[in-house]
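# Inside the fold
Here is what each chain is made of, one letter per residue.
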Amino acid sequence: LVGQDYLEILSAWYCSFGKCCETGDCRIINNITGLEADLNGQLHGQHLAKAVVVQAVQGFLQSPQPQKALVLSFHGWSGTGKNFVARMVASHLYRDGLKSDCVRVFVSLLHFPHHNYVDSYKAQLQGQIGETLQRCRQALLIFDEAEKLHSSLLDAIKPFVAQHNSKGQADQQRSIFLFLSNLGGNTINEVALDFWRAGRAREEISLELLEQRLRLELQEAAEDSYAHSHLLRENLIDFVVPFLPLEFQHVKLCARDAFLARGLPYTEAMLDEVAQMMVFVPKEEKLFSAQGCKSVPQRINYFLP
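What comes next concerns the included structure. (Residues numbered from 1 in each chain as written. Predicted model: local features only at pLDDT ≥ 70, side-chain atom pairs only at ≥ 80, totals over all residues. Heavy atoms only, no water.)

### With respect to the side chain of lysine 252
Definition in use: Strands are runs of DSSP state E lasting at least two residues, helices are runs of H or I lasting at least four, and both sets are numbered from the N terminus onward. Nitrogen and oxygen atoms within 3.5 Å of one another constitute a polar contact, given that in protein one can donate a hydrogen and the other can accept it, and given that sequence-neighbouring residues count only through two side-chain atoms. Throughout, a contact is declared for two residues whenever any of their heavy atoms are within 4.5 Å.
Examined against the element boundaries, lysine 252 turns out to sit in helix H12 (residues 248–261). In this structure the side chain of lysine 252 is engaged in a polar contact, spanning 2.9 Å, whose partner is the side chain of aspartate 272. Sequence-distant contacts of lysine 252, that is, excluding residues within four places in its chain, are made with Glu268, Leu271, Asp272 and Ala275.

Quick look at the structure:
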């Protein structure tokens, strides 16, 4: 009996380090404390995204019987942290991060490049989502470049994010859908610029203000776009998460992180120099980095001996 108990303990211990189960469920960690800490330490200039993502994910995972999937739609300019946050969510919910069997990442132009094959893509997409949900009681589905998804593909996703019909299904299955899009970036930037011109701190920008402005802009988009899919029209998206444009001091923090990640020494002057390499807009104020922090890791190569 003692030997059997020992084997079970050893098996559970091994399970925490190796791929020991077919479902992938033994690899779920749901480290919300770590997620919050890393977002606070590594995501710069995004007070809204930090708060919304942590609260939404934590509340969803703690809910005894969620009635639908959790759906978050990230919006903002390229380089502001949308992909970064998606990767961070994956790494704190699963031991294997993006490599987990319970995580699927779809990139519109990579996985669905030709509209002529949309019917084939639709069947393929539904099959892959269904397979992941069947394999894992908790799944994470990430759609990058969501604004470029064909409307038929968006319709194919709808059944997986809609309200559950049975309580048993809701209890057994939890899924989180993240949609990443550049849509709404200009509206978000306009609000941030208005606050700056009024002498107000960007931290005063509220989610309610930006979400309302974002939804109005999305309603004006082309009829066949992501904005007019069933996801938005039927209120299946739980949170529209705005990512603000990054300023000079945020780019410096990204540069610091890049130096630290590679174990390289740096000075304040070097961080300034990296930030000054970036292009800032609008033309008059030169306030926001046009690329966010996207090319910062490559810029520090300039300082290598």
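### As for the pattern of salt bridges
So the rule is basically this: The salt bridge criterion pairs a side-chain nitrogen of Lys or Arg with a carboxyl oxygen of Asp or Glu, the two atoms within 4 Å. The rule is simple: take the accessible area with a 1.4 Å probe, protein chains only, and divide by the maximum for that residue type; under 20% is buried, over 50% is exposed, in between is partly exposed.
Applying the stated criterion across every chain yields a total of 12 salt bridges. Lysine 252 is the salt-bridge partner of aspartate 272, the closest N and O atoms lying 2.9 Å from each other. Highlighted residues: aspartate 272 in helix H13 (residues 268–276) and lysine 252 in helix H12, separated in sequence by 20 residues. Judged by relative accessible area, aspartate 272 falls into the partly exposed class, the value being 24%. Since its relative accessible area comes to 14%, lysine 252 is described here as buried.

### So, the nonpolar core
Note that soluble globular proteins tend to have their nonpolar side chains buried in a common cluster. Put simply, the rule reads: The set of buried Ala, Val, Leu, Ile, Met, Phe, Trp, Tyr and Cys residues whose side-chain atoms join them within 4.5 Å is what this entry labels a nonpolar core.
Grouped together as the largest cluster of nonpolar side chains are 74 residues, with contacts concentrated most on Phe74, Leu140, Phe143, Ile157, Phe177, Leu178 and Phe179. Counting residues per element, this core draws most heavily on helix H3 (residues 47–62), which supplies 9 residues. Excluding anything up to four places from it in sequence, phenylalanine 177 contacts Ala69, Leu70, Val71, Leu72, Ile129, Leu141, Phe143, Ile157, Phe160 and Val161. Ranked by size, the runner-up nonpolar core spans 15 residues in total, among them Leu246, Leu271, Val274 and Cys293.

It is worth stressing that arrangement in space is one thing and function is another; only the former is reported here.
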